[in-house]
Amino acid sequence: MRILLSFGLTGLVAAPALAGDMEISIEIPKLDVAEYHKPYLAVWLEGPDQKVAANLVVWYDVANPKQEGDKWLKDLRQWWRRAGRSLKVPADGLTSATRAPGGHAVSIAADSAPLKDLAPGTYDLVVEAAREVGGREVLRIPIAWPLAEGTALNAKGEHELGAVAVKVKP
Amino acid sequence: MKPILRIASVLALFFAAPFAAEAHKAWLLPSSTVLSGKDDLAVTIDAAASNDLFYFDHRPLQLDSLVVTAPDGAKVAAENASTGKYRSTFDVPLKAPGTYRVALVMENLLARYKEDGKEKRWRGKAENLAREIPAAATDLVVTQSSRRIETYVTAGNPDDAALKPAGTGLEIAPVTHPNDLVEKSEAQFKLLLDGKPASGVKVEIVRGGIRYRNQLGDTTVTTGDDGVFKYAWPEPGMYWLEASVADDKTTVKEAKERRASYAVTLEVLPE
């Protein structure tokens, strides 16, 4: 009874402060290929009109010896078209190096730049991965913002992405 | 189309017009149309005429009428240009971000006349007409030909300064940006003739890769009163679009007829 009551109350209070930090975990699959390159990857929040509401993560070859890592950002085709091409990279807090196969967790504070002004509503969390001499895969997870307590959403890729999960950090 | 019908239509074209609309498709094919990165960006472009897209197995296009427009409207010089047996090739350095327009713009006169009872033909520039047609020529028929064969390339964020219509001949004024094309999405373009909307003109659309399928798979759309035509690309790939118009709006007084044609290569990316 008490729990229901407090939930009802929190529902009435529209305060972004209630949103917990977003934790995204991304599994990069281990692939048995002759020539393996760590994938380029981008994560963003997209509104129903396909407009990018927040850029969250971009992993690319930042430390490319010839500073040419950004030449292949366009291979993240959807991200490039919807957000990447009008962004200046590298961008602090957004871009970093590519990751090796395995599980990776990214924590984004609710009061950080991409999230603090995010209007409440439904969004797609989109994860796009593109691998050199490999394929490309896009996963979408519909989320409601602000994230309700106990949010735990999952998706699983088939080729270039493994398990992707979105959680709220308590 | 059945082979016999095809031959008949080609013959009909040949006899109906002294210089039949170019039977082969003329096209430019860029190495990429969407590029990211900052330094040392460039594209290599093929220019050829052939029956099957985009296979360079017939003849090259000459590059003397090449015009490359940069995002700031300035003209860019092509580099490493060469013409081989079946295609011409050139590089376009993309020094600044934005959209580039790459075009072969050919304004020519075509003439037919009789000399000593023999039928002769001539093709050249307007300024050379008087000089190169013999004084004794009879039955002179002059046609003005205006051709534009083009493609678009964008480095970074697309913009539209280079998309500004040239204002002569047939061309498109994009409504949808030509480097923003995605499969299954409808794109819109406005066809212009001498800078004004060209209505009721048929535009042929063919996807490349003909060699590996049994049906040509071409589509024809017609421009509306406002010159606009729309198309939702069924699959990703390189597409070739062509339109042509014949009228009497010549700018050279000796010419009775003007033929304007337009061809563009557009890349449609997967979703």
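All values derive from a computational prediction rather than experimental measurement. Sequence positions are assigned chain by chain, starting from 1 and proceeding in written order. To label them, take the chains in the order written and letter them from A, then take the ligands in the order written and number them from 1. In view of the model being predicted, local features appear only for residues whose pLDDT reaches at least 70, and side-chain atom pairs are presented and counted only at 80 or more, with totals across whole chains, interfaces and linings using the full set of residues.

**Here's the deal with the overall build of chain A**
For step 1, the next point in the chain: Only DSSP runs of H or I with at least four residues qualify as helices, and only runs of E with at least two residues qualify as strands; both kinds are numbered from the N terminus onward. Across its full length, chain A carries three helices and nine strands.
For step 2, the next point in the chain: Secondary structure elements of chain A, listed N to C terminal, follow the sequence α-β-β-β-α-β-β-α-β-β-β-β.
For step 3, the next point in the chain: By the burial criterion, 31% of the 170 residues in chain A qualify as buried.
For step 4, the next point in the chain: Once C-beta atoms are placed from the backbone, any two residues with those atoms within 7 Å are in contact. Long-range contacts, defined here as pairs at least 24 residues apart, represent 64% of the contacts in chain A between residues at least 6 apart. In this scheme every C-beta is placed from the backbone, and a residue whose C-beta has 20 or more other C-beta atoms within 10 Å is buried, one with 12 or fewer is exposed, and one in between is partly exposed.

**Topic: the sheet that holds strand S4 (residues 95-96) of chain A**
Residues and elements named next belong to chain A.
For step 1, the next point in the chain: Two strands are said to pair when DSSP picks up at least two bridges between them. Read from one edge of the open sheet, five strands run S4-S3-S2-S6-S7, paired in mixed fashion. Both outer strands of the open sheet, S4 and strand S7 (136-145), are each paired with one neighbouring strand and no more.
For step 2, the next point in the chain: By the bridge criterion, 10 bridges tie strand S6 (residues 121-130) to S7 in an arrangement that is antiparallel. Residue pairing across strands places Gly-121 opposite Trp-145, the latter belonging to S7.

**Some remarks on unusual backbone geometry**
Glycine aside, a negative phi is what most residues show, and trans is what most peptide bonds show.
For step 1, the next point in the chain: Here the bond from Trp145(A) into Pro146(A) is cis, since omega is 0 degrees, no more than 30 degrees from zero.
For step 2, the next point in the chain: The omega torsion across Leu53(B) and Phe54(B) is -10 degrees, close enough to zero to call that bond cis.
For step 3, the next point in the chain: Residue placement: Phe54(B) occurs in the loop between strand S3 (42-50) and strand S4 (59-60).
For step 4, the next point in the chain: A positive phi angle, close to 65 degrees, is found at Gln50(A), a residue other than glycine.
For step 5, the next point in the chain: Looking at the element boundaries, Gln50(A) is found in the loop between strand S2 (40-46) and strand S3 (52-59).

**Side note on the interface of chain B and chain A**
For step 1, the next point in the chain: Listed per partner, the contact involves 10 residues of chain B and 10 residues of chain A.
For step 2, the next point in the chain: Each residue receives one of three labels: charged for Asp, Glu, Lys and Arg, nonpolar for Ala, Val, Leu, Ile, Met, Phe, Trp, Tyr, Cys and Pro, and polar for the others, Gly being one of them. Partitioned by chemical class, the residues of the side of chain B that touches chain A number four nonpolar, four polar and two charged.

**Some words on the confidence of the model for chain A**
Interpreting fine coordinate detail is not advised for predicted regions of low pLDDT.
For step 1, the next point in the chain: pLDDT expresses, on a scale from 0 to 100, how confident the predictor is about each individual residue. Confidence in the prediction of chain A, expressed as mean pLDDT, is 89, and 89% of residues score 70 or more.
For step 2, the next point in the chain: In the model, residues 1-17 of chain A has pLDDT below 50 throughout and makes six contacts with residues more than four positions away in sequence or in other chains.

**Points about the sheet that holds strand S1 (residues 21-28) of chain A**
All names here are of chain A.
For step 1, the next point in the chain: Within the open sheet, the four strands sit side by side as S5-S1-S9-S8. Their pairing is antiparallel. Two strands lie at the open edges of the sheet, namely strand S5 (102-108) and strand S8 (152-156), each paired on one side alone. Strand-to-strand, the axes of this sheet are offset by a mean angle of 15 degrees, without reference to chain direction.
For step 2, the next point in the chain: With seven bridges joining them, S1 and S5 adopt antiparallel strand pairing. Looking across to S5, one finds that Met-22 is bridged to Ile-108. To obtain each axis, a line is fitted to C-alpha atoms, and for helices this fit is confined to the stretch in contact; angles are then taken between N-to-C directions over 0 to 180 degrees.

**Concerning the pairing of strand S7 (residues 79-83) of chain B**
Residues and elements named next belong to chain B.
For step 1, the next point in the chain: For S7, the tally of buried residues reaches only zero of five residues, placing the bulk of the element at the surface.
For step 2, the next point in the chain: Both S7 and strand S8 (residues 88-93) contribute to a ladder of three bridges, which runs antiparallel. By the bridge assignment for S8, Thr-83 is matched with Ser-88.
For step 3, the next point in the chain: Counted along the chain from S7 to the antiparallel partner S8, the turn is four residues long.

**Looking at the environment of Val34(B)**
For step 1, the next point in the chain: Among the structural elements, Val34(B) can be located in strand S2 (residues 34-35).
For step 2, the next point in the chain: Sequence separation of Val34(B) and Asn128(B) is 94 residues, and the distance between their C-alpha atoms is 41 Å.
For step 3, the next point in the chain: Not counting residues within four places of it along the chain, the set of residues in contact with Val34(B) comprises Lys74(A), Thr154(B), Asn179(B) and Leu269(B).

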